[in-house]
Amino acid sequence: MELQAFRATLNDDHPPAGWPPTLAALWWDAKGDWARAHGLVDELATRDGMAVHAYLHRKEGAQSNADYWYARAGRQFHRPTLDAEWEALVEGLA
């Protein structure tokens, strides 16, 4: 799925059925529901889940918590801006 197609789904009330929790979390985050997004990845013990979890804590302003999850993910999804990181995550997971 392209980023533009992902963004088009944001007009809906819920993410498309069958999406993995990581993409659904990014969808809810884009809709402004951080808590719901976090709930989808909080217990998700996958590298992708931990990368989204790190991004969400960075967005929350909890940098030390974000750093912990970045290290657990073993990836460098961290981008200069939150928007750039969100886009990189969507593009990498879609």
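The structure presented is a predicted model; accordingly, all values stated were derived computationally and were not measured. (Residues numbered from 1 in each chain as written. Predicted model: local features only at pLDDT ≥ 70, side-chain atom pairs only at ≥ 80, totals over all residues. Heavy atoms only, no water.)

### Points about the nonpolar core
Note that soluble globular proteins tend to have their nonpolar side chains buried in a common cluster.
Then step 1. Grouped together as the largest cluster of nonpolar side chains are 25 residues, with contacts concentrated most on F6, L26, V52 and W86.
Then step 2. Those elements giving two or more residues to this core turn out to be α1 (3–8), α2 (21–30), α3 (34–41), α4 (47–60), α5 (63–73) and α6 (82–93).
Then step 3. No other element matches the 6 residues that α4 contributes to this core.
Then step 4. Not counting chain neighbours up to four residues away, the residues in contact with L26 comprise F6, V52, Y55, W86, L89, V90 and L93. (Core = buried A, V, L, I, M, F, W, Y, C linked by side-chain atoms within 4.5 Å. Buried < 20%, exposed > 50% of the residue type's maximum accessible area, 1.4 Å probe, protein only. Helix = DSSP H or I, 4+ residues; strand = E, 2+ residues; numbered from the N terminus. Contact = heavy atoms within 4.5 Å.)

### Re the packing of α2 against α4
Then step 1. One way to put it is that α2 packs onto α4 with a least axis distance of 9 Å and a crossing angle of 15°. In terms of axis orientation, α2 runs roughly parallel to α4. Considering only the axes of α2 and α4, their crossing is left-handed. Contact residues: T22, A25, L26 and D29 in α2; D48, G49, V52, Y55, L56 and K59 in α4.
Then step 2. Grouping the constituent residues of the contact of α2 with α4 by class yields 5 nonpolar, 2 polar and 3 charged. (Axes fitted to C-alpha atoms, helices over the stretch in contact; angles between N-to-C directions. Parallel < 35°, antiparallel > 145°, perpendicular 65-115°, else oblique. Left-handed = near helix turned anticlockwise from the far one by under 90°. Nonpolar A, V, L, I, M, F, W, Y, C, P; charged D, E, K, R; others polar.)

### Side note on the packing of α2 against α6
Then step 1. For the pair α2 and α6, interaxial distance at closest approach is 10 Å and the crossing angle is 150°. In terms of axis orientation, α2 runs roughly antiparallel to α6. For the element pair α2 and α6, the recorded crossing hand is left-handed. Here α2 contributes T22, L23, L26, D29 and A30 to the contact with α6, which in turn contributes W86, L89, V90 and L93.
Then step 2. Split by residue class, the contact of α2 with α6 holds 7 nonpolar, 1 polar and 1 charged.

Purely geometric stuff here, so don't read any function into it on its own.
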